[in-house]
Amino acid sequence: MKTILVLGGAGYIGSHTVYELIDGGYDVAVVDNLETGFIEAVHPKARFHKGDIRDKAFIDSVFDAEKIDAVIHFAANSQVGESMIKPLKYYENNMGGTRTMLQSMVEHGVKYIVFSSTAAIYGEPERVPIMESDPTHPTNCYGETKLSMERMFHWASVAHDIHFVALRYFNACGAHPNGNIGEAHDPETHLIPIVLQVPNGQRKTVNIFGDDYGTRDGTCVRDYIHVCDLASAHVLAAEYLMHGGKNDVFNLGNGVGFTVREIVDAAEKVVGKPIACEIASRRAGDPAQLVASSEKAKTVLGWKPKYDDIDTIISTAWRWHSAHPCGYKA
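This write-up is about the structure you can find in this document. (Residues numbered from 1 in each chain as written. Predicted model: local features only at pLDDT ≥ 70, side-chain atom pairs only at ≥ 80, totals over all residues. Heavy atoms only, no water.)

**Description of the packing of aromatic side chains**
Per the counting criterion, the structure on display carries five aromatic pairs. Taking 5.9 Å as the distance between ring centres and 25° as the angle between the ring planes, the aromatic pair formed by F153 and F164 counts as stacked. Of this pair, F153 sits in helix α5 (residues 141-160) while F164 is found in strand β6 (residues 163-169), placing the two residues eleven residues apart along the sequence. A ring pair is formed by Y240 and F250, whose centres lie 6.2 Å apart and whose planes are at 90°; its orientation type is edge-to-face. On the criterion of sequence distance, the pair formed by Y240 in helix α7 (residues 227-242) and F250 in strand β10 (residues 248-252) is long-range, its members being ten residues apart. In this pair, the class of Y240 matches that of F250, namely buried. Members of the aromatic cluster, joined through ring pairs, are F38, W320 and Y328. Geometry around Y213 places R282 over its ring, the cationic atom sitting 3.9 Å from the centre. Cation over ring: K296 sits above F250, and NZ or CZ is 5.2 Å from the ring centre. (Phe/Tyr/Trp six-rings, centres within 6.5 Å; stacked < 30°, edge-to-face > 60°. Helix = DSSP H or I, 4+ residues; strand = E, 2+ residues; numbered from the N terminus. Buried < 20%, exposed > 50% of the residue type's maximum accessible area, 1.4 Å probe, protein only. Lys NZ or Arg CZ within 6 Å of the ring centre and 35° of its normal.)

Shown next, in the form of structure tokens:
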């Protein structure tokens, strides 16, 4: 049985990937400092190591204790707005942690890593849908650090024969159909859970940040991809590398864009209640449209999203949020 180390495995996407790995018969070790993750989200069959990947002694101890075949890396700060006002935090954590972790991989002879990248590296796209070969011009610090991390993997591969896949995904959403884990951020910044806080009685209105973009209704367009589909892609990417696949990058999305207003309308349909909205100023660094072409991942990795309908995606999210209005908190 192969052992996969999941960095950030107590977080939203990381915890779903751990479930996917264990369902697929893998042995899993999880590293998380619980800054934004939750111990309750960690699969009971996974071995948990609490600590920070910036701590060289700690990450070395994990590699010493576990016989790791491959790493899946989610451990990073990921809020666009925060990155614009605390850029040094993002450079120190995202890049510093990755550098330290890669050094441990090299020293312990671990060759395979799947990296959680982002559509934010593209910035304002020149065309839609976005292809992996399109120019990368991040418009926010978060995207800039993720692009720099991709380059770090490239040069680590050149020097140390590290094999990597970077998965550039779009807007993660939804929750595991078993209802045990889901999205829980504090503060919450992702659109779908914010929208669902209104029917859950946790806020009165949803702020729409800008209604004057060059889109069909003036609000931003995003490609929403279910978290379980993201999880399956990470497992497929790890298998691809362990079976001799080459270094590569892949977009992950549904290839369909929805405006903010369309998400609100779909949520109203799912919950059966009106959801009030207010128009607010644009946020710094928000591109007007981000929609993926995921044909490469489908062709090379054999990836096929199961949740490609926005009503179904929001339904899984509503099942989680209505049952866990405070997330993992009692």
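Still to come is the rest of the account.
**Some remarks on the sheet that holds strand β3 (residues 47-50)**
With parallel pairing, seven strands are arranged side by side in an open sheet as β3-β2-β1-β4-β5-β6-β10. Looking at which strands have only one partner, the edges of the open sheet turn out to be β3 and β10. Neighbour-to-neighbour, the strand axes of the sheet open up by a mean angle of 20°, direction not taken into account. (Pairing = 2+ DSSP bridges. Axes fitted to C-alpha atoms, helices over the stretch in contact; angles between N-to-C directions.)

**Section: helix α10 (residues 310-323)**
For α10, with 14 residues, the first-to-last C-alpha span of 20 Å sits near the 20 Å given by 1.5 Å per residue. Those residues of α10 lying buried are I310, D311, I313, I314, T316, A317, W318, W320 and H321. In this structure, the buried side of α10 is in contact with β7 (171-173), α6 (191-197), β9 (221-226), β11 (257-259) and α8 (260-271). For α10, the N-terminal capping position is held by D309, with its side-chain oxygen 3.2 Å away from the main-chain nitrogen of D311. (Expected span 1.5 Å × (residues − 1). Contact = heavy atoms within 4.5 Å. Polar contact = N/O pair within 3.5 Å; in protein donor to acceptor, adjacent residues only side chain to side chain.)

Distances and angles like these do not, on their own, reveal function.
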